[in-house]
Amino acid sequence: MRLKLLPLALIAITLFSCSSSDDSDDTNNVDDAETSEEQNTNCNEVKNYVFVEKDGLVSVEFENAVFTENWIQKNDGNNISGKGYMVWEGDQYFGKPGEGLATYSIKINKPGTYKFLWKSAVKKGNSGSEHNDTWLRFADASDFFGEKEGSIIYPNDTGKTPNPKGSSKDGWFKIYRSGNDLDFKWQANTSDNDSHPVFVKFDKAGTYTMEISARSSGHAIDKFVLFDDSVKQADAIADETELSEITCKN
Ligand SMILES: [Ca+2]
């Protein structure tokens, strides 16, 4: 809030000095923020970012969070946006969500059910069914579920059933991509060999927390979106669609 009281000139200077930061950095292990050149924000610290839903859409560069040391920021390849992508290069946590934790605050203005998608790649090995997943949880949302053709599944340990096939624990879903096209693509499913797209329900306007944590090494994530049924998926994931505005936690 203090920033708003500063003279515009000072804000301009601050933005200018941030925009000259070194784009060649390939790691992002600092709390200090660089102002994103792509996202509209006056927020100076990544840890204070709040991504604001507008017209049923949330669109966020995955690298815009505070990460633990084994999440490495890289920017090779053409099929990525923002400052690059994050790839997990630590141990694998197939049955243990919560390691390599990163969080995103999301301000929902329009209550409703939102589909979740992320754009991810396999950066280790040659198989599309390995090194292809990361944990995801929305613990404070009204509901968090997978749905396919009327079949609804809930994360394990939430008291709700049925649960997915394969890994799930403490309200976390394992979110995977599949197929042997290993480059970045938009896909986010849960339940092994029974792919269910993933949805989050927010009954009230408010600020919610999305958590991700490490599962497979070599899984790389570039960007994520949440969108309600007023937004076409093709529009939600289109390169030219604007990223969400970022405000600052008070
Ligand atoms: Ca990105």
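Up top is the structure these notes are about.
No experiment lies behind these values; they were computed from the predicted model shown.

*Asks:* Honestly, the coordination of the calcium ion in this entry has me stumped. Any pointers?
*Replies:* Around a metal, the ideal angle is 109.5 degrees if four donors adopt a tetrahedral arrangement and 90 or 180 degrees if six donors adopt an octahedral arrangement. The calcium ion binds to the protein through Glu 61 (OE), Glu 63 (OE), Glu 63 (OE), Ser 81 (O), Gly 84 (O), Asp 222 (O) and Asp 222 (OD); the donor distances cover 2.2 to 2.7 Å. Sequence spacing among the residues donating to the calcium ion works out to E-x1-E-x17-S-x2-G-x137-D. Grouping residues by exposure puts Glu 61 and Glu 63 together as buried.

*Asks:* Is there a simple way to think about the state of the cysteines in this case?
*Replies:* Covalent bonding between the sulfur atoms of two cysteines defines a disulfide. Under the criterion given, the structure shown has one disulfide. The disulfide partner of Cys 43 is Cys 248, and the gap between their sulfur atoms is 2.1 Å. The chirality of the disulfide connecting Cys 43 with Cys 248 is right-handed, given an S-S dihedral of about 70 degrees. Taken together, the residues Cys 43 in the loop between helix H2 (8-19) and strand E1 (49-52) and Cys 248 in strand E17 (residues 245-248) connect sequence positions 205 residues apart. Using a relative accessible area of 2% as the deciding quantity, one classes Cys 43 as buried.

*Asks:* Quick question: what am I supposed to make of the packing of aromatic side chains here?
*Replies:* The description of an aromatic ring pair rests on the distance of the ring centres and on the angle between the ring planes. Per the counting criterion, the structure on display carries 20 aromatic pairs. Aromatic pair Tyr 49 and Phe 51: ring centres 6.0 Å apart, planes at 90 degrees, arrangement edge-to-face. One exposure class covers both Tyr 49 and Phe 51, and it is buried. Here the guanidinium or amino end of Arg 215 rests over the ring plane of Trp 135, the centre of that ring lying 5.3 Å away.

*Asks:* How do you make sense of the pattern of salt bridges when you look at a structure like this?
*Replies:* One side chain can pair with another of opposite charge once the charged atoms of both are near each other. Within this structure, the stated rule accounts for 15 salt bridges. The partner of Glu 99 in a salt bridge is Lys 96, and the shortest N-O contact between them spans 3.1 Å. Judged by its relative accessible area of 27%, Glu 99 is partly exposed. Judged by relative accessible area, which is 44%, Lys 96 ranks as partly exposed. Between Arg 215 and Asp 133 there is a salt bridge, with the nearest N and O atoms lying 3.0 Å from each other. Taken together, the positions of Arg 215 in the loop between strand E15 (206-213) and strand E16 (219-227) and Asp 133 in strand E7 (residues 133-137) put the pair 82 residues apart, joining distant regions of the chain. The exposure class assigned to Asp 133 is buried, which follows from its relative accessible area of 3%. Among the ionic contacts, a cluster of salt bridges with common partners joins Asp 133, Lys 174, Asp 192 and Arg 215.

*Asks:* What should I look at first to understand the side chain of Asp 133 in this one?
*Replies:* Separated by 3.0 Å, the side chains of Asp 133 and Arg 215 make a polar contact. Among the polar contacts listed, one links the side chain of Asp 133 to the side chain of Ser 216, at a separation of 2.6 Å. Excluding its chain neighbours within four sequence positions, the residues that come into contact with Asp 133 are Lys 174, Ile 175, Tyr 176, Arg 215, Ser 216 and His 219.

*Asks:* Before we go on, may I ask you to explain the nonpolar core in this structure?
*Replies:* A general feature of soluble globular proteins is that nonpolar side chains tend to end up buried together. In this structure, Phe 62, Tyr 104, Phe 116, Phe 138 and Ile 212 are the most contacted members of the largest nonpolar core, which totals 46 residues. In this structure, Phe 62 is in contact with Phe 67, Trp 71, Met 86, Tyr 104, Trp 118, Ile 212, Ile 221, Asp 222, Lys 223 and Phe 224, ignoring residues within four places of it in sequence. Of all hydrophobic cores here, the second largest spans seven residues; its members include Tyr 85, Val 87, Ala 121 and Ala 220.

*Asks:* Even after reading the chapter, I still don't get the environment of Ser 217, so can you show me in this structure?
*Replies:* Tracing the sequence through the fold places Ser 217 in the loop between E15 and E16. Here Ser 217 is in contact with Trp 88, Gly 90, Gln 92, Lys 124 and His 131, once residues within four sequence places are set aside.

*Asks:* How should unusual backbone geometry be read in this particular structure?
*Replies:* Residue Pro 162 is bonded to the preceding Thr 161 through a cis peptide linkage, with omega at 0 degrees. Positioned with a positive phi, His 131 is a non-glycine residue whose angle comes to about 55 degrees. Looking at the secondary structure, you find His 131 in the loop between strand E6 (112-122) and E7. A relative accessible area of 14% places His 131 in the buried class. A positive phi is found at Ser 191, a non-glycine position, where the angle reads about 80 degrees. On the secondary structure map, Ser 191 appears in the loop between strand E13 (189-190) and strand E14 (196-202).

Parameters and conventions
- Residues numbered from 1 in each chain as written.
- Predicted model: local features only at pLDDT ≥ 70, side-chain atom pairs only at ≥ 80, totals over all residues.
- Heavy atoms only, no water.
- Donors = N, O, S within 2.8 Å, 3.2 Å for Na, K, Ca; no water.
- Buried < 20%, exposed > 50% of the residue type's maximum accessible area, 1.4 Å probe, protein only.
- Disulfide = S-S within 2.5 Å.
- Helix = DSSP H or I, 4+ residues; strand = E, 2+ residues; numbered from the N terminus.
- Phe/Tyr/Trp six-rings, centres within 6.5 Å; stacked < 30°, edge-to-face > 60°.
- Lys NZ or Arg CZ within 6 Å of the ring centre and 35° of its normal.
- Salt bridge = Lys/Arg side-chain N within 4 Å of Asp/Glu carboxyl O.
- Polar contact = N/O pair within 3.5 Å; in protein donor to acceptor, adjacent residues only side chain to side chain.
- Contact = heavy atoms within 4.5 Å.
- Core = buried A, V, L, I, M, F, W, Y, C linked by side-chain atoms within 4.5 Å.

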